[in-house]
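Observations on the three-dimensional arrangement
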Amino acid sequence: MNGVEPRTTGMTNVSRQPFVIGVCGGAASGKHTVCDMIIEQLRDQRVVLVNQDAFYHNLSTEELSRVREYNFDHPDAFDTEKLLSSMEKLNHGEAVDIPKYDYKSNMNYVLPSRRVNPADVILLEGILVFHDSRIRELMNMKIFVDTDPDVRLARRIRRDTNEKGRDIGVVLDQVNDDKFTRILCSCQDAEERNKKSFLLCLILGGK
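Residues numbered from 1 in each chain as written. Predicted model: local features only at pLDDT ≥ 70, side-chain atom pairs only at ≥ 80, totals over all residues. Heavy atoms only, no water.

Observations concerning the pattern of salt bridges
Within this structure, the stated rule accounts for seven salt bridges. In this structure, Arg46 engages Asp120 in a salt bridge whose closest nitrogen and oxygen atoms are separated by 3.1 Å. Of the two residues, Arg46 sits in the loop between α1 (31-41) and β2 (47-51) while Asp120 sits in the loop between β4 (114-116) and β5 (121-126), which places them 74 residues apart along the sequence. The exposure class assigned to Asp120 is buried, which follows from its relative accessible area of 12%. (Salt bridge = Lys/Arg side-chain N within 4 Å of Asp/Glu carboxyl O. Helix = DSSP H or I, 4+ residues; strand = E, 2+ residues; numbered from the N terminus. Buried < 20%, exposed > 50% of the residue type's maximum accessible area, 1.4 Å probe, protein only.)

Structure follows, in structure tokens:
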């Protein structure tokens, strides 16, 4: 669903606080598919989607030189303070400008930002949206999408090459590299902690 604008109206104010749904899960677990399903079911409501991916930090020159080793699945990879500020503004009926992260340059100022207006329902999706307690407290419902790791890996290779413009060699190097194996282990640990925060678990692709 990357690059697809969420459904919004031109309204910039709502009379009541929105219903916030957090959708979490590992990389390529099917979070976007779940969000699509929710949006379709709530087509009579004003619904907006906020992607945690939009809040990746810009990489420094040093980090860019070692981008194959950079862990995009770690909490420190995200500007959580900016995400929290944007969610709080939406929760109080204020429109916000959400950055668009460019995966080729690893910067969030290359592409124009996206204006998101207040809505009845806010979908917040990402691999670590349950990590920060302050963001969890804004959620009225939490959904964890649990998908078989092998299915996720196949999807991730396809996605990273087709949608994020990454070279297949880079993706395969990350998959086969011992450092990446350690990264996956640390991410799986974070995923297990995330599971303890959900209210509803959807299992996609078997396990």
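Details of the pairing of strand β6 (residues 141-147)
Burial runs high along β6: six of the seven residues are buried. Bridge analysis of strand β1 (residues 19-25) against β6 gives five bridges, and the strand direction is parallel. Residue pairing across strands places Cys24 opposite Phe144, the latter belonging to β6. (Pairing = 2+ DSSP bridges.)

A look at the pairing of β1
For β1, the buried fraction is high: six of the seven residues fall into the buried class. Two strands pair when backbone bridges link them, and β1 and β5 are joined in this way by six bridges, in the parallel orientation. Looking at the pairing, Val23 lines up with Glu125 of β5.

Comments concerning the packing of aromatic side chains
The geometry of an aromatic ring pair is captured by two quantities: the separation of the ring centres and the angle between the planes. If you walk through the whole model with that rule in mind, you get five aromatic pairs. Look at Tyr56 and Phe72: their rings are 5.5 Å apart centre to centre, the planes differ by 85 degrees, and that puts the pair in the edge-to-face class. Taken as a pair, Tyr56 in the loop between β2 and α2 (61-65) and Phe72 in the loop between α2 and α3 (80-91) lie far apart in primary sequence, 16 residues in all. Assigned by exposure class, Tyr56 and Phe72 land together as buried. On the numbers, 5.1 Å between centres and 55 degrees between planes, the contact of Tyr56 with Tyr101 is tilted. (Phe/Tyr/Trp six-rings, centres within 6.5 Å; stacked < 30°, edge-to-face > 60°.)

Digging into the nonpolar core
With 22 residues, the main nonpolar core has Val50, Leu83, Met87, Ile122, Leu124 and Met139 as its most contacted residues. Among the elements of the structure, β1, β2, α3, β3 (96-98) and β5 are those that each provide at least two residues to this core. With four residues, α3 is the largest single contributor of residues to this core. With 12 residues, the next largest nonpolar core counts Cys35, Ile39, Val47 and Ile143 among its residues. (Core = buried A, V, L, I, M, F, W, Y, C linked by side-chain atoms within 4.5 Å.)

As for the environment of Ser29
Structurally, Ser29 is set in the loop between β1 and α1. Residue classification places Ser29 among the buried residues on the basis of a relative accessible area of 0%. Put simply, Ser29 and Arg156 are 127 residues apart on the chain and 8.8 Å apart in space, counted from C-alpha to C-alpha.

Topic: the confidence of the model for the chain
Here the chain averages 79 in pLDDT, while 69% of its residues score no lower than 70. Below pLDDT 50 for its whole length, residues 1-14 participates in 38 contacts with residues either more than four positions away or in separate chains. (pLDDT = per-residue confidence, 0-100. Contact = heavy atoms within 4.5 Å.)

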